[in-house]
Amino acid sequence: MIAGRMALGILVALEVAAGCRRGPAPAEPVKVIVTKNGWEPWKIPARKGEKLVLLVTRTTDETCATELVIPEAGVNVPLPLGKEVRIELTPERTGPLRFSCAMKMFQGVIEVR
Ligand SMILES: [Cu+2]
């Protein structure tokens, strides 16, 4: 899994302190709400080489979407009820980057251009 992750060249940083970073200003964070219908939005645009920040808040206890998993990026983040969780990643290739709950019942996609 680690080899595959590196081959795809996706850099992931969780809870990275902003502040002393150089480079272009990051895009606006994307707020994602987890409801009984799943991820809202479930389709998120991103750009190759640009940091994507997701602010994910789970608002329901009625589904199994209690974590957000992005297998290709090595992301597996618990989503405590009612608490905003920050997830940062920088896609290094174009194309769909799929995410889901741990059981892949609720699915979404980051469309990297
Ligand atoms: Cu699930």
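Being a predicted model, the structure only gives us computed values, none of them experimental.

Novice: How do you make sense of the pattern of salt bridges when you look at a structure like this?
Specialist: What the rule picks out here adds up to five salt bridges. The salt bridge partner of Arg93 is Glu72, with a shortest N-O separation of 2.4 Å. One end of the pair, Arg93, is in the loop between β8 (84-90) and β9 (95-100); the other, Glu72, is in the loop between β6 (67-70) and β7 (75-78), and 21 residues separate them in sequence. With relative accessibility at 22%, the residue Arg93 sits in the partly exposed group. Between Glu88 and Arg86 there is a salt bridge, with its nearest N and O atoms 2.8 Å apart. Through salt bridges with shared partners, a single network forms among Lys51, Arg86 and Glu88.

Novice: Is there a simple way to think about the coordination of the copper ion in this case?
Specialist: Angles between donor atoms at a metal ideally measure 109.5 degrees for a four-coordinate tetrahedral arrangement and either 90 or 180 degrees for a six-coordinate octahedral one. For the copper ion, the full set of protein donor atoms is Cys64 (SG) and Cys101 (SG), and the range of their distances to it is 2.1 to 2.2 Å. On the criterion of sequence distance, the pair formed by Cys64 in the loop between β5 (52-58) and β6 and Cys101 in the loop between β9 and β10 (107-112) is long-range, its members being 37 residues apart. On the accessibility criterion, Cys64 (21% relative accessible area) is partly exposed.

Criteria and cut-off values
Residues numbered from 1 in each chain as written. Predicted model: local features only at pLDDT ≥ 70, side-chain atom pairs only at ≥ 80, totals over all residues. Heavy atoms only, no water. Salt bridge = Lys/Arg side-chain N within 4 Å of Asp/Glu carboxyl O. Helix = DSSP H or I, 4+ residues; strand = E, 2+ residues; numbered from the N terminus. Buried < 20%, exposed > 50% of the residue type's maximum accessible area, 1.4 Å probe, protein only. Donors = N, O, S within 2.8 Å, 3.2 Å for Na, K, Ca; no water.

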